[in-house]
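# Examining the three-dimensional arrangement
Listed here are the chains, written in short residue letters.
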Amino acid sequence: MAINKDSNVYTIIFAVVMVVVVGTLLAGFASVLKPNIKANERYEKQQNILYAMGISENQGAGDVAFIPTDRVESEFAKYITKQLVIEGDKITENDQAYLIDIKKEATKAKKDGYVRKLPLFVGQKDGKELYVMPVRGKGLWDAIWGFVAVDKNMIVQGVFFDHKGETPGLGAEIKQRYFMDDFAGEQILDGAAFKGIKVAKGNNDPKNEIKDDFEVDAIAGATITGDGVSAMLKKDVAMYVSYFKNL
């Protein structure tokens, strides 16, 4: 009996078979590639933390070049001396703290009684002790995130920012050197009071030479993304202030 390929039944059966076959293939590929995906996620976090500390492969003035994946684990172990997890008044060491998902922790913290886990990375560079904090917020279109490295007085030593879907040439510029480098040397505390750092439109210091004004110059045409960076730094960095006051 000939199969009527023009019938609705044939079309439906063909579509179902293709969905099952393609779905099975994709699931198989995902399963096979999962270890590589997880490894790449680990490498990326380590690269970002080290970049915030000033450990990178940057050459020219505009470079944003990370430590290569074949070296990043050894470099991470070399420069990061301790990984801490802060839970309220409790502080513990955990060499897997960099894998803590701060987005999930923020969601869990909305439930009554849950104490949020805050990862903090302590490192040594050029004889100086640095502390690296993860931050996460909301840009114009989607999530923005990064790492902020400070000294014991909460003076910024370096940052790294990234985004999921900001506009190329505008909000996406938060991950460019000219913007990230402006944060180095900026103060976060005004005496004992937490101030944060504002990405300021109309900042009177376009060359960013003043480091105690709690501001950096905004990116032209990216006001909402800049406001997201300001809010992210104020919200997430503030959670670490008590730790630094007790140092």
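Up top is the structure.
Conventions adopted
Residues numbered from 1 in each chain as written. Predicted model: local features only at pLDDT ≥ 70, side-chain atom pairs only at ≥ 80, totals over all residues. Heavy atoms only, no water. Buried < 20%, exposed > 50% of the residue type's maximum accessible area, 1.4 Å probe, protein only. Helix = DSSP H or I, 4+ residues; strand = E, 2+ residues; numbered from the N terminus. Pairing = 2+ DSSP bridges. Salt bridge = Lys/Arg side-chain N within 4 Å of Asp/Glu carboxyl O.

### What to know about the pairing of strand β5 (residues 143-150)
Buried residues dominate β5, accounting for seven of its eight residues. Sheet analysis places strand β4 (residues 128-138) next to β5, joined by eight bridges and oriented antiparallel. Each bridged residue has a counterpart across the sheet, and for Y131 the counterpart in β5 is V150. Bridging between β5 and strand β6 (residues 156-163) involves seven bridges; their strand directions are antiparallel. Counted as the bridge partner of G146 is F161 from β6. The hairpin formed by β5 and β6 contains five residues between the paired strands, and M154 there has a positive phi angle of roughly 60°.

### Examining the pattern of salt bridges
Scanning the entire structure with this criterion turns up eight salt bridges. When the shortest N-O distance is used, the salt bridge between K90 and E87 registers 3.9 Å. The salt bridge involving K175 is made with D162; its shortest N-O contact spans 3.3 Å. With K175 in the loop between β6 and α4 (177-180) and D162 in strand β6, this residue pair connects regions lying 13 residues apart in the sequence. Judged by its relative accessible area of 28%, K175 is partly exposed. According to the relative accessible area criterion, D162 is buried, its value standing at 9%.

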